[in-house]
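This is what each chain is made of:
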Amino acid sequence: MSTQPADAGVAAAGAGAIHLPAVHLILSAPACEPLIAEYGRVQTLEAARVLLAELRGIMLASRRDGVPVAPAIDTGIPALLAMLHDRLRDRNRSPLRPVFNLTGTVLHTNLGRALLPDSAVQAVAEALRWPMNLEWDIDTGKRGDRDNLIEELLLELTGAEAATIVNNNAAAVLLMLNTVAQGKEVIVSRGELVEIGGAFRIPDIMTRAGAVLREVGSTNRTHLKDYAEAAGPQTALMMKVHCSNYAITGFTKSVELPELGPLSKKHGIPLAVDLGSGTLVDLEQYGLPHETTVRETIAGGADLVTFSGDKLLGGPQCGIIVGRADLIAQIKKNPLKRALRVGKLTLAALEPVLALYRAPDLLPERLTTLKLLTRPAAAMRELAQALQPQLQAVLGTGYEVASEPMMSQIGSGALPVDQLPSHGLVIRAAATGRISNALGVLEQRLRALPLPVIGRVAQDALWLDLRCLDGHQRQHFTDQLALLAI
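The rules behind each value
Residues numbered from 1 in each chain as written. Predicted model: local features only at pLDDT ≥ 70, side-chain atom pairs only at ≥ 80, totals over all residues. Heavy atoms only, no water. Helix = DSSP H or I, 4+ residues; strand = E, 2+ residues; numbered from the N terminus. Rg over C-alpha atoms; globule rule 2.2 N^0.38 Å. Buried < 20%, exposed > 50% of the residue type's maximum accessible area, 1.4 Å probe, protein only. Contact = heavy atoms within 4.5 Å. Lys, Arg positive; Asp, Glu negative; His and termini not counted. Charge placed at Lys NZ, Arg CZ, Asp CG, Glu CD. Phe/Tyr/Trp six-rings, centres within 6.5 Å; stacked < 30°, edge-to-face > 60°. Axes fitted to C-alpha atoms, helices over the stretch in contact; angles between N-to-C directions. Parallel < 35°, antiparallel > 145°, perpendicular 65-115°, else oblique. Left-handed = near helix turned anticlockwise from the far one by under 90°. Nonpolar A, V, L, I, M, F, W, Y, C, P; charged D, E, K, R; others polar. pLDDT = per-residue confidence, 0-100. Expected span 1.5 Å × (residues − 1). Arc of directions from axis to C-beta. Salt bridge = Lys/Arg side-chain N within 4 Å of Asp/Glu carboxyl O. Core = buried A, V, L, I, M, F, W, Y, C linked by side-chain atoms within 4.5 Å. Pairing = 2+ DSSP bridges.

(A) View of the overall build of the protein chain. Of the regular secondary structure elements, the protein chain holds 20 helices and 19 strands. Here the C-alpha atoms of the protein chain give a radius of gyration of 30 Å, more than 25% beyond the 23 Å that 2.2 N^0.38 yields for 486 residues. Per-residue burial for the protein chain yields a buried fraction of 45% across its 486 residues. Within the protein chain, counting contacts between residues at least 6 apart in sequence, those at least 24 apart form 74% of the total. The protein chain carries 47 positive and 49 negative side-chain charges, and their two centres are separated by 4 Å.

(B) Here's a closer look at the packing of aromatic side chains. Evaluated as defined, the whole model comprises 1 aromatic pair. Both rings, one in Phe100 and one in Phe477, keep their centres 5.5 Å apart while their planes meet at 85°; by these two values the pair is edge-to-face. Of this pair, Phe100 sits in strand 3 (residues 100-101) while Phe477 sits in helix 20 (residues 473-479), and the two are 377 residues apart along the sequence.

(C) Focus on the packing of helix 7 (residues 148-158) against helix 15 (residues 344-356). For the pair helix 7 and helix 15, the least separation of the axes is 10 Å and the interaxial angle reads 30°. Put simply, helix 7 runs roughly parallel to helix 15. Along this stretch, helix 7 crosses helix 15, giving a crossing that reads as left-handed. Across the interface between the two elements, Leu149, Ile150, Leu153, Leu154 and Leu157 of helix 7 pack against Leu347, Leu350, Glu351, Leu354 and Ala355 of helix 15. Taken together, the residues of the contact of helix 7 with helix 15 break down into 9 nonpolar, no polar and 1 charged.

(D) Fine view of the confidence of the model for the protein chain. In the predicted model, the protein chain carries a mean pLDDT of 90, and 91% of its residues have values of at least 70. Contacts for the low-pLDDT stretch residues 1-15, under 50 throughout, to residues beyond four places or in other chains number 2 contacts.

(E) Summary view of helix 4 (residues 41-61). Its 21 residues give helix 4 an end-to-end C-alpha distance of 30 Å, which sits within 8% of 30 Å, the value for a rise of 1.5 Å per residue. Among all positions of helix 4, only Gln43, Thr44, Ala47, Ala48, Leu51, Leu52, Leu55 and Met59 are buried. Projection of helix 4 onto a plane perpendicular to its axis shows the buried side chains occupying an angular sector of 165°, all on one side. Seen from the open side of helix 4, the exposed residues pointing more than 90 degrees away from its buried face are Val42, Leu60 and Ala61. In this structure, the buried residues of helix 4 make contact with helix 2 (23-28), helix 3 (33-39), strand 1 (63-64) and helix 5 (77-92).

(F) How the structure looks around the packing of helix 4 against helix 5. At a minimum axis separation of 10 Å, helix 4 and helix 5 run at an interaxial angle of 120°. Here helix 5 runs oblique to helix 4, going by the angle between their axes. In this structure, helix 4 crosses over helix 5, and the sense of that crossing is right-handed. Contact residues: helix 4 offers Gln43, Thr44, Ala47, Ala48, Val50, Leu51, Leu52, Glu54 and Leu55, while helix 5 offers Leu80, Met83, Leu84, Arg87, Leu88, Arg91 and Asn92. When its residues are assigned to classes, the contact of helix 4 with helix 5 shows 10 nonpolar, 3 polar and 3 charged.

(G) Region of the structure containing the pattern of salt bridges. Scanning all chains against the criterion turns up 22 salt bridges. A salt bridge links Arg113 to Asp310; the shortest N-O distance between them is 3.2 Å. Of the two residues, Arg113 sits in the loop between strand 3 and helix 6 (118-129) while Asp310 sits in the loop between strand 13 (304-308) and strand 14 (319-323), which places them 197 residues apart along the sequence. The residue Glu443 makes a salt bridge to Arg447 at a minimum N-O spacing of 2.8 Å. With a gap of 4 residues between them, Glu443 and Arg447 both fall in helix 19 (residues 435-447), about one helical turn apart. For Glu443, a relative accessible area of 22% translates into the label partly exposed. One salt-bridge network, in which partners are shared between bridges, spans Glu135, Arg143, Arg146 and Arg341.

(H) View of the nonpolar core. Ranked by size, the top nonpolar core spans 58 residues in total, and within it Phe307, Leu313, Ile320, Val322, Leu354 and Tyr357 carry the most contacts. The element contributing the most residues to this core is helix 15, with 6 residues. Ignoring sequence-local partners within four residues, the contact set of Val322 consists of Thr158, Ala160, Ala162, Ala163, Val294, Ile298, Asp303, Leu304, Val305, Phe307 and Ile328. Formed by 31 residues, the second largest nonpolar core is a distinct cluster that contains Met176, Ile202, Leu237 and Val241.

(I) A look at the side chain of Thr44. Examined against the element boundaries, Thr44 turns out to sit in helix 4. Not counting residues within four places of it along the chain, the set of residues in contact with Thr44 comprises Leu27, Cys32, Leu35, Ile36, Tyr39, Leu84 and Leu88.

(J) Broad picture of the sheet that holds strand 14. Taken together, the 7 strands give an open sheet; going across it, the order is 6-14-13-12-11-7-10, and neighbouring strands pair in mixed fashion. In the strand order of this sheet, the two ends are held by strand 6 (162-166) and strand 10 (212-216), each with one partner. Direction aside, the axes of adjacent strands within the sheet are offset by 25° on average. Relative to strand 10, strand 7 (residues 185-189) runs parallel, the two being bridged by 5 bridges.

(K) Representation of the side chain of Ser264 within the structure. Here Ser264 lies in helix 11 (residues 257-267). Not counting chain neighbours up to four residues away, the residues in contact with Ser264 comprise Met238, Ile269, Leu271 and Asp303.

(L) Structural detail: the pairing of strand 11 (residues 235-241). Most of strand 11 sits out of view: 7 of its 7 residues are buried. As defined by bridge partners, strand 7 adjoins strand 11 across 3 bridges and the pair is classed as parallel. Residue Val186 lies in a different strand from strand 11, and its bridge partner there is Leu237. In the sheet, strand 11 pairs with strand 12 (residues 271-276) via 4 bridges, with the strands oriented parallel. Paired with Val241 across the two strands is Asp274, which belongs to strand 12.

(M) A look at helix 8 (residues 169-181). For helix 8, with 13 residues, the first-to-last C-alpha span of 17 Å sits near the 18 Å given by 1.5 Å per residue. Summarising burial for helix 8: 12 of the 13 residues are buried, a large majority. Along helix 8, the residues that are buried comprise Asn169, Ala171, Ala172, Val173, Leu174, Leu175, Met176, Leu177, Asn178, Thr179, Val180 and Ala181.

The following block contains the structure:
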């Protein structure tokens, strides 16, 4: 007969039991009140239940023969509330987050391209808070046309007869081709059958638009006679596509507007130009490389011109079509136009950006994109020299941080072979054995910051181009550097 006390077995079982507070005790704790106030009782309750279930599973999995074999988890209510707070915060954090663009590419497609000037930001905020006369003519009290909100400005800035706007430049090209050339031929040089980001190809968009591609010339050389020989009864459009994301050099020949314009008029065939990035001013006056403007393209004989609003123009994402009034009228009647139209936020942002172009002498101060593109290298050098010792102190002896010159680029297919002198921080791993791993770890740590820092790894170094780190952003950047040391 055993001499063990009657309650010994119960005590042993109790020692191996899992103790977690009931969910109502967590929610009734005073420290939980702020979570309920911010995230709501329903969401907080569900998150608490999931947390407790997961902890119970972890604790069961960490036992062998009912005895814990892993460090105990703090299951006190304060610790559980801390875990619950982290979960609710992470769950409710928007996946669309602000980041520091230190890649050296100003108009970075993956990072949202153009930053809007303050006037556009304020206009969008007002449009978010108020009903707006999007399609309402205040003077007549009748329904209006949303394109009218920006058409007058576009005609003034481009010299075109009419204009319309859709959600991006790819949509502008699609809509134009579907309207003017559905079931008919469009003549394009083989050297201009481009592919841009996201596998968007001119031949594919023509197929989707219902147009028939008629290739002329060769990859590197196309002559005026190639267009002339291809023109016929089935030709609906002659089209030039700006090679915005690459350049062909060497033994080359292309037909420019001064030649192609008269030929299209002779045959009575409209001439369309996809400018891609598009600019409304001569960038040379600001010390940047020349890019053909929309006004120059219209004056050169183009009947239709398509371009983006969120690249060199410096506005919101949209696609703009300007040109002959009769062709624009046809485009606006196409049912696809309604599917591709923009909303009030885009128009609210675009109008003040276009208005800035009425004062071209003030653009470098007021248009954010141009301000960043024209920022002198000396300003970035001064900033790099100030930040270098701060970042070095945080990273310690495992890395070497240097202030060095580098080259920025405009980006998003604009002037692909032209670069801008810049300055920034170059970080190299101090140990020679595992350089790539050390840089990868640091690059990941930078991306994990509350405001992720996006640089580029190249030539066994992490490059942080400071061209786009300006104004109020600098303080936010320095404030979180200490987190890298944790």
